[in-house]
Amino acid sequence: MFDGGMTISFSVLNYSPRKFVFVNVPQKSIFSRARLNPVLAIPSSSSVILQTDESDNQLEVKKRSGNISASKSHDAATNSLLRQSNAVGIIGGVSIDSTLSFAQKLVKWSSKDGEYGVPLILCSDPTLNKELLLHERSSFPLIGGSKPEKPNFDPELIVESLRSKRAFLEKSGARCIVMPCHIMHSLLDEVSSGSTVSFLHMADCVAKELKDANMKPLETGSPLRIGLLTTDAVLAAGFYQEKLQNEGFEVVLPDKATMEHTVIPAIEASIRKDMEGAQNLLRIALQVLLVRAVNTIIVASADLQNLLPQDDPLLKKCIDPMDSLARATILWVKSAEKGS
């Protein structure tokens, strides 16, 4: 659910595996199913879902305050969906839940007096998301009691798909593009190459926040240490380690035994909804890193987020990269708005 008058139930999205798009304009909300021809102007403070059939011949509009119907309109689609100079484009990640949670944070954290502060358009492709998810989890020994499917992962095809979504967001009026998905950032340089809009790298956002925090090493004479908990695929990509080391941090990773016996089992437990088991294993993994004198721990996995209760003292030692990306995006929005 979205706060501030933006209450939308996403349980109705029982579509075939095709892209969908959500558009948020300050004082306007639009939800359109992909081919994106139908776009309807919505009265202020409304939440709406637009649906079309496979041929886009019909348009059904479901509004929070009631149901209405409308005929197909091509006129609005001839221009960009967003015209603000601080419009943000979001390419959805492997988890639609974490993608929507990220969008919710953007809206909620930037809103005031009931007005939405971030004009945004979100594009999500279930087929691409599944391929990335299989790739990220391919190293897991067991998922649901069986070996996970080995994907035929082709980075070039993934980049091509992401670049097509980048082009769509650019044409739709986005001036900054973000990807709330850890594994996608291993391909960000290729995806953003040649683009005329800004891209925010999640690892850059985390490294900058940690640098600005002016923390002191826990051990005198030692470098400032940052722990990192994530999947094998993200660790292998190495972008978190690179960005943090460029800022002068020493990156502390779980050893092989910790990965095999706590981190990966914690993610598996989370996937099969064994919350108590996931919590206990995550606590162990965090403690293992904390005894190595790390100042804070980056938890870069959607499956490990929101496991611990908000009052758990271990959370004070953790940072969620999605939060860092959301804060950096809001700062970009405010800066672009002032510069326009």
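Residues numbered from 1 in each chain as written. Predicted model: local features only at pLDDT ≥ 70, side-chain atom pairs only at ≥ 80, totals over all residues. Heavy atoms only, no water.

Undergrad: Honestly, the packing of helix α8 (residues 256–271) against helix α9 (residues 275–290) in this entry has me stumped. Any pointers?
TA: A packed helix pair is summarised by two numbers, namely the angle formed by the two axes and the spacing between the axes. At their nearest, the axes of α8 and α9 sit 8 Å apart, and the two run at 150° to each other. Once α8 is placed against α9, the crossing between them reads as left-handed. On α9, the residues that touch T258, H261, T262, V263, P265, A266, A269 and S270 of α8 are M275, G277, A278, L281, L282, I284, A285 and V288. Among the residues making up the contact of α8 with α9, the classes are represented as eleven nonpolar, five polar and no charged. (Axes fitted to C-alpha atoms, helices over the stretch in contact; angles between N-to-C directions. Helix = DSSP H or I, 4+ residues; strand = E, 2+ residues; numbered from the N terminus. Left-handed = near helix turned anticlockwise from the far one by under 90°. Contact = heavy atoms within 4.5 Å. Nonpolar A, V, L, I, M, F, W, Y, C, P; charged D, E, K, R; others polar.)

Undergrad: Is there a simple way to explain the pairing of strand β10 (residues 225–230) in this structure?
TA: Of all six residues making up β10, six are buried, and the element is well covered by its neighbours. What you see with β10 is no split at all: R225, G227 and L229 on one side and I226, L228 and T230 on the other are buried throughout. The pairing of β10 with strand β11 (residues 250–252) spans three bridges and is parallel. Opposite I226, over in β11, you have V251 as the bridge partner. (Buried < 20%, exposed > 50% of the residue type's maximum accessible area, 1.4 Å probe, protein only. Pairing = 2+ DSSP bridges.)

Undergrad: Where do I start with the pattern of salt bridges in this structure?
TA: Side-chain pairs of opposite charge can arise whenever the charged atoms involved come near each other. Under the criterion given, the structure shown has ten salt bridges. Linking R225 and E219 is a salt bridge whose minimum nitrogen-to-oxygen distance equals 3.3 Å. You can call R225 buried: its relative accessible area is 15%. In this structure, the salt-bridge partner of R283 is D312, at a minimum N-O distance of 2.9 Å. Of this pair, R283 sits in helix α9 while D312 sits in the loop between β12 (296–300) and β13 (318–319), and the two are 29 residues apart along the sequence. Overall, R283 belongs to the partly exposed group, its relative accessible area being 25%. The buried category is assigned to D312, whose relative accessible area is 9%. Here the salt bridges share partners, and the residues they tie into one network are K105, D320 and D323. (Salt bridge = Lys/Arg side-chain N within 4 Å of Asp/Glu carboxyl O.)

Undergrad: Can you help me understand unusual backbone geometry in this one?
TA: What you tend to see is this: most non-glycine residues have negative phi, and most peptide bonds are trans. You will see that K273, though not glycine, has its phi angle at about 70°, which is positive. Looking at the element boundaries, K273 is found in the loop between α8 and α9. Residues other than glycine seldom take positive phi values, yet A293 does so here, at roughly 65°. By the secondary structure assignment, A293 is in the loop between α9 and β12. Assessed through its relative accessible area of 10%, A293 is described here as buried.

Undergrad: I would appreciate a short explanation of the sheet that holds β10 in the present structure.
TA: Where strands meet in a sheet, backbone hydrogen bonds hold them as pairs that are either parallel or antiparallel. With respect to topology, four strands assemble into an open sheet ordered β11-β10-β12-β13, the strand pairing being parallel. Edge positions in the sheet fall to β11 and β13, since each of these pairs with one other strand and no more. Bridge analysis of β10 against β12 gives five bridges, and the strand direction is parallel. Residue pairing in the sheet places L228 in a bridge with I298 of β12. Where α9 meets the sheet, it contacts β10, β11, β12 and β13, and its direction lies at approximately 155° from that of β10.

That's the geometry; what it means functionally is another story.
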